[in-house]
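What the coordinates show
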Amino acid sequence: MKTNNNTHIRNIAIIAHVDHGKTTLVDAMFKQSGLYRDGQDVDDRVMDSMDLERERGITIAAKNCSIDWKGTKINILDTPGHSDFGGEVERAISMVDGVILLVDASEGPLPQTRFVLDKALRSHLPVIVVLNKIDRPDARPAEVLDEVYSLLIDLDADDDQLECPVLYAIGKDGIAMKTLEEKGENLDVLMDLIIETIPGPTFDETKPFQMLVSDLSYSDYLGRLAIGKIINGSVEAKESLACIKEDGSSIPLKVSKIQVYNGPVLTEATKVETGDIIVLSGIDNVTIGDTICNVNNTEALPRLTIDEPTVFMKFSKNTSPLSGLEGKHVQATKIYDRLVKETMLNVSMQVERSDEKESFIVKGRGEFQMAILIETMRREGYELSVGRAQVIYKEVDGVKMEPIENLSVDCAEEYSGAVTEKLLKRKGLLTAMTYEQSGRVKIEFSVPSRSLIGYRDEFLTDTRGTGIMNSLLAGYEKYRGDFPTRHTGSLVADRSGKAVPYGLFNLEPRGKLFILPGDDVYEGMLIGEYNKDGDLNVNACRAKNLTNVRASGKDDAVTLTPVIPMTLERGLQFIGDDEMLEVTPTKIRLRKVYLSAHDRKIHSKK
């Protein structure tokens, strides 16, 4: 074996917690490298290309791009910061030779920072630490740097990783500097540091072409696209290749086109170097983790290892009386095909057929990841029903085990009592509490994953919208026991029709309504949250009796309390085990699994 380095290429991933400025820094690196001409009108957050990413201000899918700096090509991967999208981070790290750890100079390392950094350290990748947003009035760079070093030590970083270089940056202004005393003007120091610190990709000179498929995409013109890093050798267009599957079988391939990244876009290449990240077109039946290699030398590379899923949800076709009126794709087979397609593109998701006809079990990392999938499907015209998210239990030596999360809460001191009380009732354990000078308090808990399903809305209410909550999977522990998940019931419609103002007005004292006058309702549909425990069957279609008898005050105008529009996340957090969410391209409705009151009574006895 004769190893060498390709000094013309650097492959790096930018890793950070949500909203610490990864995508904004990539924008600044594009401008610094001369990718755009002077005066060119450029959108902010170029790498957040999905509509959902732009709306929510977060990165959901890891994406590739590249810049050229002083004759060296730097391939950059912009990764998600949320642990629910951990599969994206694992794919990205399989393609790079070093990482830039971006940390907010005020917030410091948060649970997702720990998650993404742990993945990088386990792969023995060199780290460049960048403390971003040092211009914030509440920035505390010296303390945050100490926290970063403590985190590195806690994650068993080796000596080289502990002696990582540190830069201070204002990402939105495109400024980086080595010390706080300097007055930075651009990102030159960061770009130079990448070339000096991150090694070029290594390869074995004696081996022919080998590439690990780390990502998949699809083009209407080119078909299936396989994305990955060339581990050894080189390849040319139209060359005969082979794909090695998980079971070791080999399938012949012929590549129609080779593309490389130039900025955020792809450009065609006839021949590519070892270590570059490429996109191969026109190859079908390829999955993430496969090895693409020379047809005469079929040697497989180690496959990607992905953390196993911790939650599951039941997806099924919409069976409500209003099904088929709003969606374009309503058949169970189309829903299943779309879910299978998602598992091909997203390695951290799994789909299985359930015991019930036309229902499927989808497993993933968290309810937020599931919510993003459901929202994407409804925007594509799918109509479906989904059940409540539930955790995946394990059994070890006959003992029931459940996933446990490390939860970090940052809230005002006056709200800490209510938050602590509720989490302790949900079998959480208080592990640390730190009081800040600003009047806020940071609390850490060890809680079962099931405790957080449906809790986020309560948390925002308890902290008046000012609390920040982040969690990270810590592993599996012995089952901690049962606890009540909801202390209120549901207002359930007892007939079909249209909601009437008069009927809704008389229901307002019973609880909080979800629907507006004129909305379609059907038997078994949830129209509100009941003030008490248990469910209450109600008539939302009840109109005022039309008689010629009048009394003082009887004809006053009905004034209803404004209704907060039902969102996908709010619905997923509210529903109970015997309830479902009806999702269509235009509506989010809540319903019982069994619509008729008679069926519900029979199944409750069972």
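Residues numbered from 1 in each chain as written. Predicted model: local features only at pLDDT ≥ 70, side-chain atom pairs only at ≥ 80, totals over all residues. Heavy atoms only, no water.

The next point concerns unusual backbone geometry. Not every positive phi belongs to a glycine, and His-124 is a case in point at roughly 60 degrees. You will see that Asp-156, though not glycine, has its phi angle at about 60 degrees, which is positive. Position of Asp-156 relative to the elements: it lies in the loop between α5 (141-154) and α6 (159-162). (Helix = DSSP H or I, 4+ residues; strand = E, 2+ residues; numbered from the N terminus.)

With antiparallel pairing, the 8 strands of this open sheet are ordered in space as β14-β13-β19-β10-β11-β18-β15-β16. A strand with exactly one partner marks an edge of an open sheet, and here the two such strands are β14 (250-254) and β16 (265-269). Taking each pair of neighbouring strands and ignoring which way they run, the sheet shows an average axis angle of 40 degrees. In this sheet, strand β19 (residues 291-294) lies alongside strand β10 (residues 210-219) in antiparallel orientation, the contact comprising 3 bridges. Residue pairing across strands places Gln-210 opposite Cys-293, the latter belonging to β19. (Pairing = 2+ DSSP bridges. Axes fitted to C-alpha atoms, helices over the stretch in contact; angles between N-to-C directions.)

Before going further, it helps to spend a moment on the nonpolar core. Ranked by internal contacts, the top residues of the largest apolar core, which has 51 residues, are Phe-315, Leu-339, Val-386, Ile-515, Ile-527 and Leu-581. Top contributing element to this core by residue count: helix α9 (residues 367-379), with 5 residues. Residues within four places of Phe-315 in sequence aside, it is in contact with Leu-339, Glu-358, Ser-359, Phe-360, Val-362, Leu-373, Ile-374, Met-377, Leu-384, Ser-385 and Val-386. Core analysis: the next-biggest nonpolar cluster, separate from the first, contains 41 residues, Ala-120, Val-129, Leu-225 and Ile-277 among them. (Core = buried A, V, L, I, M, F, W, Y, C linked by side-chain atoms within 4.5 Å. Buried < 20%, exposed > 50% of the residue type's maximum accessible area, 1.4 Å probe, protein only. Contact = heavy atoms within 4.5 Å.)

Now for a negative patch on the surface. Taken together, the side chains of Asp-158, Asp-159, Asp-160 and Glu-163 define an acidic patch exposed on the protein surface. Within the fold, Asp-160 resides in helix α6. Overall, the relative accessible area of 66% leaves Asp-160 in the exposed class. (Patch = residues over 30% accessible without salt bridge, like charges linked within 9 Å, V, L, I, M, F, W, Y side chains within 5 Å. Areas by Shrake-Rupley, 256 points an atom, 1.4 Å probe, with all protein chains shown as cover. Salt bridge = Lys/Arg side-chain N within 4 Å of Asp/Glu carboxyl O. Lys, Arg positive; Asp, Glu negative; His and termini not counted. Charge placed at Lys NZ, Arg CZ, Asp CG, Glu CD.)

Another aspect to go through is the pattern of salt bridges. The final tally for this structure, using the stated rule, is 36 salt bridges. A salt bridge links Asp-118 to Arg-122, with the nearest nitrogen and oxygen atoms 3.0 Å apart. Here Asp-118 and its partner Arg-122 are both found in helix α4 (residues 111-122), 4 residues apart, which amounts to about one turn of the helix. Under the relative-accessibility criterion, Asp-118 is labelled buried at 18%. Assessed through its relative accessible area of 59%, Arg-122 is described here as exposed. Here Lys-172 makes a salt bridge to Asp-135, at a shortest N to O gap of 3.8 Å. A residue pair is termed long-range when its members are at least 10 positions apart, and Lys-172 in the loop between β7 (166-170) and β8 (175-177) and Asp-135 in the loop between β6 (127-132) and α5 qualify at 37 residues. Connected through shared salt-bridge partners, Asp-104, Lys-133, Arg-136 and Asp-138 make up one network.

Now for the pairing of strand β20 (residues 311-317). Two elements, β20 and strand β22 (residues 359-364), share 6 bridges in a ladder whose sense is antiparallel. Its bridge partner being in β22, Phe-312 is matched across the sheet by Lys-363. Sheet topology places β20 next to strand β24 (residues 390-391); 2 bridges connect them, and they run antiparallel. In the sheet register, Val-311 faces β24, and the bridge partner there is Val-391. Where β20 meets strand β23 (residues 384-387), 3 bridges bridge the pair, whose relative direction is antiparallel. Within the sheet, the bridge partner assigned to Phe-315 lies in β23 and is Val-386.

Attention shifts here to helix α1 (residues 22-32). Taking burial as the measure, the 11 residues of α1 include 8 buried ones, the bulk of the element. Three or more residues of α1 are buried, namely Lys-22, Thr-23, Leu-25, Val-26, Asp-27, Ala-28, Met-29 and Phe-30. Contacts from the buried residues of α1 go to β2 (9-16), β3 (63-69), β4 (72-78), β5 (98-104) and α7 (188-197).

Looking now at the side chain of Ser-451. Turning to its location among the elements, Ser-451 is positioned in helix α11 (residues 449-452). Setting aside anything within four residues of it in sequence, one finds Ser-451 in contact with Arg-426 and Phe-483.

Moving on to the sheet that holds β6. Strand order in the open sheet made by the 7 strands is β3-β4-β2-β5-β6-β7-β8, with mixed pairing throughout. Bordering the open sheet on either side are β3 and β8, each of which pairs with just one other strand. Pairs of neighbouring strands in the sheet enclose a mean axial angle of 25 degrees, with direction left out of account. Where β5 and β6 come together, 6 bridges link them in parallel fashion. Of the residues in β6, the one forming a bridge with Val-99 is Val-127. Contacts from α7 reach β2, β3, β4, β5, β6, β7 and β8, with the element oriented near 100 degrees to β3.

This part covers the packing of aromatic side chains. All chains considered together, the criterion is met by 4 aromatic pairs. Taken together, a centroid distance of 5.0 Å and an interplanar angle of 40 degrees make the contact between Tyr-336 and Phe-360 tilted. Residue Tyr-336 is found in helix α8 (residues 332-345), and its partner Phe-360 is found in strand β22; the two are separated by 24 residues along the sequence. The two residues Tyr-336 and Phe-360 agree in class, both being buried. An angle of 50 degrees between the planes, with centres 6.1 Å apart, marks the rings of Tyr-455 and Phe-459 as tilted. Like Tyr-455, the residue Phe-459 is buried in the burial classification. One residue, Lys-400, lies across the ring of Tyr-393, its end atom 4.3 Å from the ring centre. Seen from the ring of Tyr-479, Lys-400 lies directly overhead, with NZ or CZ sitting 4.2 Å from the centre. (Phe/Tyr/Trp six-rings, centres within 6.5 Å; stacked < 30°, edge-to-face > 60°. Lys NZ or Arg CZ within 6 Å of the ring centre and 35° of its normal.)

Any functional reading would require information beyond the geometric quantities listed.
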